[in-house]
Amino acid sequence: MPYIELAGDRLWARSQGVGEDVLLIAGLADDSSSREARTEGLSQRFRVTVFDNRGIGRSSTPPGSRWSVGNFAR
């Protein structure tokens, strides 16, 4: 599985398709599986990237102070 190391956290991400980039971002409690149907359809025309937010699905859970809105946005 593809992982991205970011600010001490390990985030799971996956891209599929070819074309212009589309990044699908879910709410904090959803993992990438909640966007599966959209990913399949969009990837026929675009390169679609989905990921699991910190602490959700296959991504790591950051300790205490890294649970900030600013860190999620970065």
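Scoring rules and cut-offs
Residues numbered from 1 in each chain as written. Predicted model: local features only at pLDDT ≥ 70, side-chain atom pairs only at ≥ 80, totals over all residues. Heavy atoms only, no water. Helix = DSSP H or I, 4+ residues; strand = E, 2+ residues; numbered from the N terminus. Contact = heavy atoms within 4.5 Å. Areas by Shrake-Rupley, 256 points an atom, 1.4 Å probe, with all protein chains shown as cover. Phe/Tyr/Trp six-rings, centres within 6.5 Å; stacked < 30°, edge-to-face > 60°. Lys NZ or Arg CZ within 6 Å of the ring centre and 35° of its normal. Pairing = 2+ DSSP bridges. Axes fitted to C-alpha atoms, helices over the stretch in contact; angles between N-to-C directions.

*Asks:* Report on the overall build of the protein chain, specifying residues and quantitative values.
*Replies:* Across its full length, the protein chain carries two helices and four strands. The helix and strand sequence of the protein chain, counted from the amino end, reads β-β-β-α-β-α. Residue pairs at least 24 apart in sequence account for 60% of intrachain contacts in the protein chain once pairs closer than 6 positions are excluded. About 4800 Å² of surface is accessible on the protein chain, with carbon and sulfur atoms providing 55% of the total.

*Asks:* Can you lay out the packing of aromatic side chains for me, pointing to particular residues and giving the numbers?
*Replies:* What the rule picks out here adds up to zero aromatic pairs. Between the NZ or CZ atom of Arg10 and the centre of the ring of Tyr3, over which it lies, the distance is 3.8 Å. The ring centre of Trp12 lies 3.6 Å from the NZ or CZ of Arg58, which sits over that ring.

*Asks:* Let's hear about the sheet that holds strand β3 (residues 21-24): which residues, and what values?
*Replies:* Across the sheet, four strands lie side by side as β1-β2-β4-β3; this open sheet has mixed pairing. Edge positions in the sheet fall to β1 (3-6) and β3, since each of these pairs with one other strand and no more. When strand polarity is set aside, the average angle formed by the axes of neighbouring strands in this sheet is 30°. Here strand β2 (residues 9-16) pairs with strand β4 (residues 47-51) via four bridges, running antiparallel. Across the sheet, the residue bridging to Gln16 is Val48, located in β4.

*Asks:* Quick rundown of the environment of Gly41? Include the residues and the values.
*Replies:* Topologically, Gly41 is positioned in helix α1 (residues 36-42). As a C-alpha pair, Gly41 and Gly17 span 24 residues in sequence and 9.8 Å in three-dimensional space.

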